[in-house]
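# Results of the structural survey
Listed below, chain by chain, are the residues.
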Amino acid sequence: MKRATLMLMLMLLTIFGTASAEVPHYLNDRVLILSGMHGGTAWYLDKSSVLVEIDDPPAYVITYQLFPARYDLETGEIIRVYEALQEKYLYNVKEHEMRKFNGTEWDYIPPVGPLAETGNEFSGEMAFYIAFGKKFYGGRQWVEHSTGEMRNPNFGEEIYERVDDSY
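In short, a report on the structure. (Residues numbered from 1 in each chain as written. Predicted model: local features only at pLDDT ≥ 70, side-chain atom pairs only at ≥ 80, totals over all residues. Heavy atoms only, no water.)

### Here we look at the overall build of the chain
- What the chain contains, in helices and strands, is 4 helices and 11 strands.
- Out of the 167 residues in the chain, the part that is buried amounts to 38%.
- Residue pairs at least 24 apart in sequence account for 52% of intrachain contacts in the chain once pairs closer than 6 positions are excluded.
- For the chain, the exposed surface amounts to about 10,000 Å²; the carbon and sulfur share of it is 54%. (Helix = DSSP H or I, 4+ residues; strand = E, 2+ residues; numbered from the N terminus. Buried < 20%, exposed > 50% of the residue type's maximum accessible area, 1.4 Å probe, protein only. Contact = heavy atoms within 4.5 Å. Areas by Shrake-Rupley, 256 points an atom, 1.4 Å probe, with all protein chains shown as cover.)

See the structure below:
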């Protein structure tokens with residue numbers, strides 16, 4: 001029985017060990033900061049491009065460049081960095097809402113919930129932190145509407161630490 005358990009553990013480590021390859025947290029002399037990753041794609045926020053376009057409390061609009069990159073699932077090595085995407089986010093601090101401009105309208109980004117709703121990259125949160133030195137959704141719990149439970153956002157303190165460590 002011990003041998004079967006050991007074999008199972010080794011097999012699971014082999015299967016899941018390769019899926020947890022770590023990608024670099026920074027590119028381009030720490031100017032590009034990892035803001036998320038999923039299924040072979042990583043996203044890097046260009047901290048030097050963060051610009052507050054509208055500063056009219058309680059509303060703020062921030063734009064920045066986001067670089068998608070392909071990485072090797074086994075090694076985490078960056079294979080290719082693609083051209084920058086221009087991102088634009090609206091933050092309403094009174095209503096505690098973050099919205100991403102999709103080219104025609106503002107899509108609401110919920111603070112908690114399934115990754116299909118919140119996304120796998122958190123550059124919107126990071127951009128607000130870079131611009132104002134404050135967390136937008138982070139640092140507190142939010143009600144998940146589907147369950148009514150209080151939850152932390154799908155990201156942790158590591159995104160703020162990456163920003164702080166990039167200077």
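### What about the side chain of Glu121?
- Along the chain, the position of Glu121 falls in the loop between helix H2 (115-118) and helix H3 (123-132).
- Buried and unpaired, Glu121 has Lys100 as its nearest opposite-charge partner, separated by 4.7 Å.
- In terms of polar contacts, Glu121 uses its side chain to reach the side chain of Ser35, at 3.2 Å.
- Only 2.7 Å separates the side chain of Glu121 from the side chain of Ser123, close enough to count as a polar contact.
- Each residue touching Glu121, except ones within four places of it in the same chain, is listed here: Ser35, Gly36, Trp43, Leu66 and Tyr89. (Lys, Arg positive; Asp, Glu negative; His and termini not counted. Salt bridge = Lys/Arg side-chain N within 4 Å of Asp/Glu carboxyl O. Polar contact = N/O pair within 3.5 Å; in protein donor to acceptor, adjacent residues only side chain to side chain.)

### Structural notes on the layout of surface pockets
- By volume, the largest pocket amounts to about 260 Å³.
- What lines the largest pocket is a set of 22 residues, among which Tyr89, Ile109, Thr118, Gly119 and Glu121 lie closest to the centre.
- Elements supplying a minimum of two residues to the lining of the largest pocket: strand S7 (85-92), strand S8 (97-101) and H3. (1 Å grid on protein atoms, 1.4 Å probe; cavity = no way out; pocket = protein on both sides within 12 Å on 5 of 7 lines; lining within 4 Å. Points joined across faces, edges and corners; volume = space filled by probe spheres on them.)

### With respect to the pattern of salt bridges
- Applying the stated rule across the entire model yields 5 salt bridges.
- Taking the shortest distance from any N to any O, the salt bridge between Glu53 and Lys88 comes out at 3.7 Å. Of the two residues, Glu53 is situated in strand S4 (residues 51-56) and Lys88 in strand S7; the sequence distance between them amounts to 35 residues.

### With respect to the nonpolar core
- Within the largest apolar cluster, 27 residues are counted, with the highest numbers of intra-cluster contacts made by Leu45, Ile62, Tyr64, Tyr91 and Met98.
- Contributions of two or more residues to this core are made by strand S3 (41-46), strand S5 (59-71), S7, H3 and helix H4 (158-165).
- Ranked by residues supplied to this core, first place goes to H3 with 5 residues.
- Residue contacts for Leu45: discarding those within four places in its chain leaves Val31, Leu32, Ile33, Ser35, Val50, Tyr64, Gln65, Leu66, Ser123, Met126, Ala127 and Ile130.
- Of all hydrophobic cores here, the second largest spans 10 residues; its members include Leu32, Ala69, Tyr71 and Ile78. (Core = buried A, V, L, I, M, F, W, Y, C linked by side-chain atoms within 4.5 Å.)

### Description of H4
- What H4 keeps buried is the set Ile159, Tyr160, Arg162 and Val163. Projected down its long axis, H4 shows its buried positions confined to an angular sector of 155°, all on one face. (Arc of directions from axis to C-beta.)

### Quick word on a negative patch on the surface
- Side chains of Glu158, Glu161, Asp164 and Asp165 sit close together on the surface and give a patch of like negative charge.
- Relative to the helices and strands, Glu158 is located in helix H4. (Patch = residues over 30% accessible without salt bridge, like charges linked within 9 Å, V, L, I, M, F, W, Y side chains within 5 Å. Charge placed at Lys NZ, Arg CZ, Asp CG, Glu CD.)

### Some words on the environment of Leu34
- Turning to its location among the elements, Leu34 is positioned in strand S2 (residues 32-38).
- Overall, the relative accessible area of 4% leaves Leu34 in the buried class.
- Excluding residues within four positions of it along the chain, Leu34 makes contact with Val23, Pro24, His25, Ala42, Trp43, Tyr44, Met126 and Arg162.

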